Amino acid sequence: MSVAGSIRLFSRHIRVATRHCRYAANMSSIPTSPAPLPRLSLDPDVESHIKKTYCNSQEYSNKAAPCPPVEPHPVLPDVLVIPTTGPHPNLQHHTKEIMVDIHCGAAILRGAHIFAPGVLGATADVQAGDQVSVYVDVEGKCLRGFQKPYSGPRVFVGNGVARMSRDDIFSVAQEQLSGIGVEMTSPLYGCPPLNDVMSDSIFLQNLPSTVAGHVLDPQPGERVLDMCAAPGGKTTHLATLMSNQGAVIALDKSQGKVDKVMANARRLGLTCIQAYMFDGGKAASEAAVCEKDETSLGDPPYPPNTFDRVLVDAPCSALGQRPALGNKMKLKTLKSYPSYQRRLFPAAVQVLKTGCTLVYSTCTLTLEENEGQVEWLLNTFPCLELVPQTPYLGGPGLSGTSLTQDQLQMLQRFEPWGDNRGENSHPSDRDTIGFFIAKFIKRAR
Ligand SMILES: C[S@@+](CC[C@H](N)C(=O)[O-])C[C@H]1O[C@@H](n2cnc3c(N)ncnc32)[C@H](O)[C@@H]1O
């Protein structure tokens, strides 16, 4: 098989979702309504190609981190699931140690190696080629360049081989460093790095994020607005679901982020995406004029009733993200999100055509940013009707607002501890990040 041959994936890319760690799920009996989609049969060669790539990689050639299985998702036709393995209990602790911060630690748990600038501390004797144990400084108190075994609170995340000596790393300014400092050979959790694997065809994404794309359900030829788009996981999914036909307008607030969206679009060969550095909250303008051609809408802002679908995947407190080794967010910041998110909706509702779909999603857990926002939206925009979602792999919304039981059942909440899914749910649907999805139709009112 040539890779290109397997790609119906060219027009229908595969999303790859990893499970982050094992949980003994204490499942409730809340009923879900799984709605099977037409199955896209995955080319067996694709699955075997991915398996071979991992099994041959150093991470999976040792017994501590055996190659994880690759499974087509039972409901989502364009998703492969790679369960994370671990924690691996018998990893040896080496005397030579590397310290990293919580962000680098989370990246390691997601399958990354350690880039040299990410090394916070290394014991004095570390040389290139040495076996090292890697620890995360969970309180952010380890100073850069630290050279003793660190005695503050720390978490072991696995073993690796130093590719640079301590001197290589700390004798130059951090901004001049590049390349891999430590190659993780036995991470605590086995999570496949997908960096070079079929990069024109697959996108690594959290499972609930792939559900959000399907819930929006964009069709070929439509105009879709992705209001908060970077790095473009959902943007590229939407364009793929549209078979690259129509227009996906992606907005984000900095040029660097917009460049990332476009880089991902180019990588996947998705030409129907146009990304702009633009405040989503200002995306609507009565005075704006839109090009007639649905594939070239031009720059934002856009006139009312321009889009067939709008996704507001809002900036949020991200408390559902996994893996997470620490969180330094202040209460003031946490409390700032609901009002910031609300700024986005007047424009989102205005640019949406009547009869069309708005999806709101977050990767956080708070009532204020999730069910509370749905309550506020329904009160503020009487034209919005809350509607059920397909596919439905999560659980209902939480009580605590004025939303009725029926309305809560229309919401889709993924608790990161996995116990709010139906008893027949697939294991990959219970071991996810925390996520929230609400779907609305704009009615003529
Ligand atoms: C949850 S992330 C989006 C993730 C993205 N949808 C994906 O799936 O790859 C939220 C994004 O909103 C962006 N953002 C924050 N404020 C914004 C604004 N006023 N207008 C547009 N984007 C904004 C942030 O820069 C961030 O990239």
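Residues numbered from 1 in each chain as written. Predicted model: local features only at pLDDT ≥ 70, side-chain atom pairs only at ≥ 80, totals over all residues. Heavy atoms only, no water.

**Student:** Please clarify how the overall build of the protein chain should be interpreted in this entry.
**Tutor:** Helix and strand counts for the protein chain come out as 10 helices and 18 strands. Burial analysis of the protein chain (445 residues in total) assigns 56% to the buried set. Of all intrachain contacts in the protein chain linking residues separated by at least 6 positions in sequence, the fraction that spans at least 24 positions is 75%. About 18,600 Å² of surface is accessible on the protein chain, with carbon and sulfur atoms providing 52% of the total. (Helix = DSSP H or I, 4+ residues; strand = E, 2+ residues; numbered from the N terminus. Buried < 20%, exposed > 50% of the residue type's maximum accessible area, 1.4 Å probe, protein only. Contact = heavy atoms within 4.5 Å. Areas by Shrake-Rupley, 256 points an atom, 1.4 Å probe, with all protein chains shown as cover.)

**Student:** Explain the pairing of strand S11 (residues 223-226) to me, please; I cannot follow it from the model alone.
**Tutor:** For a regular strand, side chains alternate in direction, first toward one face of the sheet and then toward the other. The side-chain alternation of S11 yields two buried faces, one formed by Arg223 and Leu225 and the other by Val224 and Asp226. Handedness of the crossover joining S11 and strand S12 (residues 247-252) through helix H5 (residues 233-241) is recorded here as right-handed. Bridge analysis of S11 against strand S14 (residues 307-313) gives 3 bridges, and the strand direction is parallel. Bridging from a neighbouring strand, valine 224 pairs with arginine 309 of S14. (Right-handed = clockwise from strand over helix to strand, strands pointing away. Pairing = 2+ DSSP bridges.)

**Student:** Help me understand the UniProt feature "active site" (unreviewed entry) in the protein chain, please; the structure alone is not making it clear to me.
**Tutor:** Those residues carrying the UniProt feature "active site" (unreviewed entry) are Cys363 in this numbering. With respect to the element layout, cysteine 363 can be found in the loop between strand S15 (352-362) and helix H8 (371-380). Other than its neighbours up to four places away in sequence, cysteine 363 contacts Cys316, Ala318, Leu319, Gly320, Gln321, Ile433, Gly434 and Phe435. (UniProt positions renumbered as here; feature names shortened; annotations may be inferred.)

**Student:** Before we go on, may I ask you to explain the packing of helix H7 (residues 331-351) against H8 in this structure?
**Tutor:** The angle between the axes and the distance between the axes are what describe a pair of packed helices. At their nearest, the axes of H7 and H8 sit 11 Å apart, and the two run at 40° to each other. It follows from the interaxial angle that H7 and H8 lie oblique. The crossing of H7 and H8 is right-handed. Packed against H7, whose contacting residues are Pro338, Gln341, Arg342 and Phe345, the element H8 presents Gly372, Gln373, Trp376 and Leu377 at the interface. (Axes fitted to C-alpha atoms, helices over the stretch in contact; angles between N-to-C directions. Parallel < 35°, antiparallel > 145°, perpendicular 65-115°, else oblique. Left-handed = near helix turned anticlockwise from the far one by under 90°.)

**Student:** Explanation requested: the side chain of asparagine 420 in the structure shown.
**Tutor:** Assignment of secondary structure puts asparagine 420 in the loop between strand S17 (412-414) and helix H10 (427-430). Reaching out from asparagine 420, the side chain makes a polar contact with the backbone oxygen of arginine 413 at a distance of 2.8 Å. (Polar contact = N/O pair within 3.5 Å; in protein donor to acceptor, adjacent residues only side chain to side chain.)

**Student:** How should the sheet that holds strand S5 (residues 114-115) be read in this particular structure?
**Tutor:** Across a sheet, strands are paired by hydrogen bonds formed along the backbone, either parallel or antiparallel in direction. Strand order in the open sheet made by the 6 strands is S5-S9-S8-S7-S4-S6, with mixed pairing throughout. Each end of this open sheet is capped by a strand with a single partner; those strands are S5 and strand S6 (119-122).

**Student:** What am I meant to see in the pairing of S15 here?
**Tutor:** For S15, the tally of buried residues reaches 8 of 11 residues, placing the bulk of the element in the interior. Pairing of S14 with S15 involves 6 bridges; the strand directions are parallel. Across the sheet, valine 312 pairs through a bridge with tyrosine 360, a residue of S15. Relative to strand S18 (residues 435-442), S15 runs antiparallel, the two sharing 6 bridges. Looking at S18, one finds that leucine 358 is bridged to phenylalanine 440.

**Student:** Could you clarify how one ought to interpret the site of the ligand in this entry?
**Tutor:** What surrounds the ligand is a group of 19 residues, the closest being Gly233, Asp252, Gly280, Asp313 and Tyr340. In the model, an oxygen atom of the ligand is placed 2.9 Å from a nitrogen or oxygen of the glycine 233 main chain. Within the backbone of glycine 280, an N or O atom sits 2.8 Å from a nitrogen atom of the ligand. Contact with the protein chains removes 89% of the 600 Å² of surface that the ligand exposes when unbound. In the shell around the ligand, the residues fall into 10 nonpolar, 3 polar and 6 charged. (Near = heavy atom within 4 Å. Nonpolar A, V, L, I, M, F, W, Y, C, P; charged D, E, K, R; others polar.)

**Student:** I would appreciate a short explanation of the UniProt feature "binding site: S-adenosyl-L-methionine" (unreviewed entry) in the protein chain in the present structure.
**Tutor:** This chain's UniProt record puts "binding site: S-adenosyl-L-methionine" (unreviewed entry) on Cys228, Ala229, Ala230, Pro231, Gly232, Gly233, Lys234, Asp252, Asp279 and Asp313. Aside from chain neighbours lying at most four places away, what touches alanine 229 is Thr235, Ala250, Leu251, Asp252 and Val261. If you trace the backbone, proline 231 turns up in the loop between S11 and H5. Contacts of proline 231, omitting those with residues within four sequence positions, involve Lys260, Val261 and Asn264.

**Student:** Explanation requested: the nonpolar core in the structure shown.
**Tutor:** Side chains that are nonpolar tend, in soluble globular proteins, to be buried together. Membership of the largest hydrophobic core comes to 39 residues, with the highest contact counts inside it found for Met227, Val310, Val312, Leu358, Val374 and Phe440. Listing elements by their share of this core, those giving two or more residues are S12, S14, H7, S15, H8, strand S16 (384-386), helix H9 (405-410) and S18. The element best represented in this core is H7, accounting for 6 residues. The residues touching methionine 227, leaving out its near neighbours within four places in the chain, are Leu251, Gly280, Ala283, Leu311, Val312, Leu344, Ala347 and Ala348. (Core = buried A, V, L, I, M, F, W, Y, C linked by side-chain atoms within 4.5 Å.)

**Student:** Just to check I follow, could you spell out the pattern of salt bridges for this structure?
**Tutor:** Where charged atoms from two side chains of opposite charge come close, those side chains can pair. For the structure shown, the criterion picks out 12 salt bridges. Two residues, arginine 163 and glutamate 183, come together in a salt bridge whose shortest N-O distance is 2.9 Å. Highlighted residues: arginine 163 in the loop between strand S8 (154-162) and helix H3 (166-170) and glutamate 183 in strand S9 (residues 180-187), separated in sequence by 20 residues. The exposure class of arginine 163 is partly exposed, given its relative accessible area of 40%. In this structure, the salt-bridge partner of arginine 413 is glutamate 371, at a minimum N-O distance of 2.8 Å. A residue pair is termed long-range when its members are at least 10 positions apart, and arginine 413 in strand S17 and glutamate 371 in helix H8 qualify at 42 residues. Residue glutamate 371 is classed as buried on the basis of its relative accessible area, which comes to 0%. When salt bridges that share partners are traced, they join Glu371, Arg413 and Glu415 into one network. (Salt bridge = Lys/Arg side-chain N within 4 Å of Asp/Glu carboxyl O.)

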